[in-house]
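Structural features, examined
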Amino acid sequence: MTMMQHNTDHVLFYGDSRNNMIRSKKKDGDDDDSIMLVLVLLNYHLPRFTPILWDQASLHVCADGGANRLYDELPLWFPDDDPADVRQRYKPDVIKGDLDSIRPEVKEYYSEMGVKIIDESHDQDTTDLHKCVIFIRDCVPDLDKNHIKLLVLGGLGGRFDHEAANINVLYTFATVLRIVLLSEESSLTLLPSGYLHEIHVNRSFEGPHCGLVPLGAPSTSTTTTGLHWNLDDTPMAFGSLISTCNLLESDIVTVRSDAYLLWTTEIRYEP
Ligand SMILES: Nc1ncnc2c1ncn2[C@@H]1O[C@H](COP(=O)(O)OP(=O)(O)OP(=O)(O)O)[C@@H](O)[C@H]1O
Ligand SMILES: Cc1ncc(C[n+]2csc(CCO)c2C)c(N)n1
């Protein structure tokens, strides 16, 4: 099997000396500006760092009821500002889904602001997140897809069937788009097999805890560097070993496996 270097440098980091902002980490030699962040907001708790990521993202998409979260929660974080001003500052580009959860007044509000609203109520077989990812995939030229990082806010915690569906989206698009599910406590992404993954972490923001969990099938061989408990051609499977409660020991973690692996890091956000 050919081992390719795959861009999994999706991880957030902050504490950048220039601006102390959460930023997306570039790969050495990459042009930082060439990474385009896309945010998808779900209908679950938005992390407190949402406004920071918002300012760095080029495209902001609400999955159906995610628009209610934006409408309701953002003004609460800026109590000195007029809610209308906050909603103008944090105006989504697109709202997409089956639109059974967005409240009528929220839909009307954003519609009057000129937000594109896409009704896919005819499709009851895919989730609102899936619908949003299809929209993003289809509006980005193939050549640019490697430079996109899709951050899903509110993607972890909450109802387990939603979490499972979100992980299924990671799986479905694993080789097409880099997607990271985020909550205030964790990040989660999927590392497809057949690549040497070089993951840049920022330990001022991520860790110390992290984990690697096979998804879809057991791994007969996984090898890592940069962790406290590294794997060395080690099998992993539910029912025997999976790597949870591991610890980051380096700013760069490498992973090579014959199976798809979920990669998760703890997130520590101190406003
Ligand atoms: N309680 C929850 N916990 C975790 N994620 C959620 C929860 N509710 C919604 N989401 C996420 O936000 C997205 C949009 O939410 P929305 O409420 O519009 O979905 P929905 O399809 O109407 O959900 P439901 O299954 O409740 O009818 C969902 O597709 C899911 O990814
Ligand atoms: C086998 C099967 N299980 C569940 C659903 C229901 N479902 C899955 S995604 C979705 C849309 C949610 O916005 C709904 C209703 C289905 N269609 N097929």
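Predicted model, so just to flag it, every value in this text is computed and none were measured.

**Some remarks on the sheet that holds strand β10 (residues 186-191)**
Taking strand neighbours across the sheet as the criterion, the 10 strands line up as β7-β6-β5-β4-β8-β9-β10-β17-β12-β15 in an open arrangement whose pairing is mixed. Two strands bound the open sheet, and with one partner strand each, they are β7 (116-119) and β15 (243-247). The average undirected angle you get between the axes of adjacent strands in this sheet is 20°. One ladder, built from 2 bridges, connects strand β9 (residues 178-182) with β10; its direction is antiparallel.

**Here we look at the layout of surface pockets**
Size it by volume and the largest pocket reaches roughly 490 Å³. Per-class residue counts for the lining of the largest pocket are 4 nonpolar, 12 polar and 9 charged. Its volume calculated, the second largest pocket comes out at about 200 Å³. Surrounding the second largest pocket, 14 residues form its lining, Leu 156, Glu 163, Ser 186, Leu 188 and Thr 264 being those nearest its centre. Every element with two or more residues in the lining of the second largest pocket is listed here: α6 (160-172), β10, β12 (206-214) and β17 (261-267).

**Quick word on the packing of aromatic side chains**
Inspection of the entire model under this criterion finds 8 aromatic pairs. For the ring pair Trp 54 and Tyr 90, a centre distance of 5.5 Å and an interplane angle of 75° mean the geometry is edge-to-face. With a gap of 36 residues between them, Trp 54 in helix α1 (residues 50-56) and Tyr 90 in the loop between α3 (83-89) and β6 (94-97) connect regions that are remote in the sequence. We note that Trp 54, like Tyr 90, is buried. Taking the centre distance of 6.2 Å and the plane angle of 85° together, the rings of Tyr 71 and Tyr 110 count as edge-to-face. One end of the pair, Tyr 71, is in helix α2 (residues 66-77); the other, Tyr 110, is in helix α4 (residues 104-112), with 39 residues separating them in the sequence. Neither residue differs from the other here; Tyr 71 and Tyr 110 are each classed as buried. Ring pairing ties together the aromatic residues Phe 49, Phe 205 and Tyr 269, which thus form one cluster. For Arg 87, the ring lying beneath its charged end belongs to Tyr 71, and the centroid distance is 3.7 Å. The cationic tip of Arg 87 hangs over the ring face of Tyr 109; the distance from NZ or CZ to the ring centre is 5.8 Å.

**Focus on the site of ligand 1**
By nearness alone, 15 residues border ligand 1, and Asn 43, Asp 64, Asp 100, Ser 101 and Arg 159 come closest of all. Asp 128 places a polar side-chain atom, nitrogen or oxygen, 3.1 Å from an oxygen atom of ligand 1. Residue His 162 places a side-chain N or O atom 3.4 Å away from a nitrogen atom belonging to ligand 1. A total of 610 Å² of accessible area belongs to ligand 1 in isolation, and the protein chains cover 80% of it. Cavity membership is defined here by more than half of the atoms lying within 2 Å of grid points; on that basis ligand 1 lies in the largest pocket. Across the shell around ligand 1, the residue classes break down as 4 nonpolar, 7 polar and 4 charged.

Scoring rules and cut-offs
- Residues numbered from 1 in each chain as written.
- Chains lettered and ligands numbered in written order.
- Predicted model: local features only at pLDDT ≥ 70, side-chain atom pairs only at ≥ 80, totals over all residues.
- Heavy atoms only, no water.
- Pairing = 2+ DSSP bridges.
- Helix = DSSP H or I, 4+ residues; strand = E, 2+ residues; numbered from the N terminus.
- Axes fitted to C-alpha atoms, helices over the stretch in contact; angles between N-to-C directions.
- 1 Å grid on protein atoms, 1.4 Å probe; cavity = no way out; pocket = protein on both sides within 12 Å on 5 of 7 lines; lining within 4 Å.
- Points joined across faces, edges and corners; volume = space filled by probe spheres on them.
- Nonpolar A, V, L, I, M, F, W, Y, C, P; charged D, E, K, R; others polar.
- Phe/Tyr/Trp six-rings, centres within 6.5 Å; stacked < 30°, edge-to-face > 60°.
- Buried < 20%, exposed > 50% of the residue type's maximum accessible area, 1.4 Å probe, protein only.
- Lys NZ or Arg CZ within 6 Å of the ring centre and 35° of its normal.
- Near = heavy atom within 4 Å.
- Polar contact = N/O pair within 3.5 Å; in protein donor to acceptor, adjacent residues only side chain to side chain.
- Areas by Shrake-Rupley, 256 points an atom, 1.4 Å probe, with all protein chains shown as cover.
- Sits in = over half its atoms within 2 Å of the grid points.

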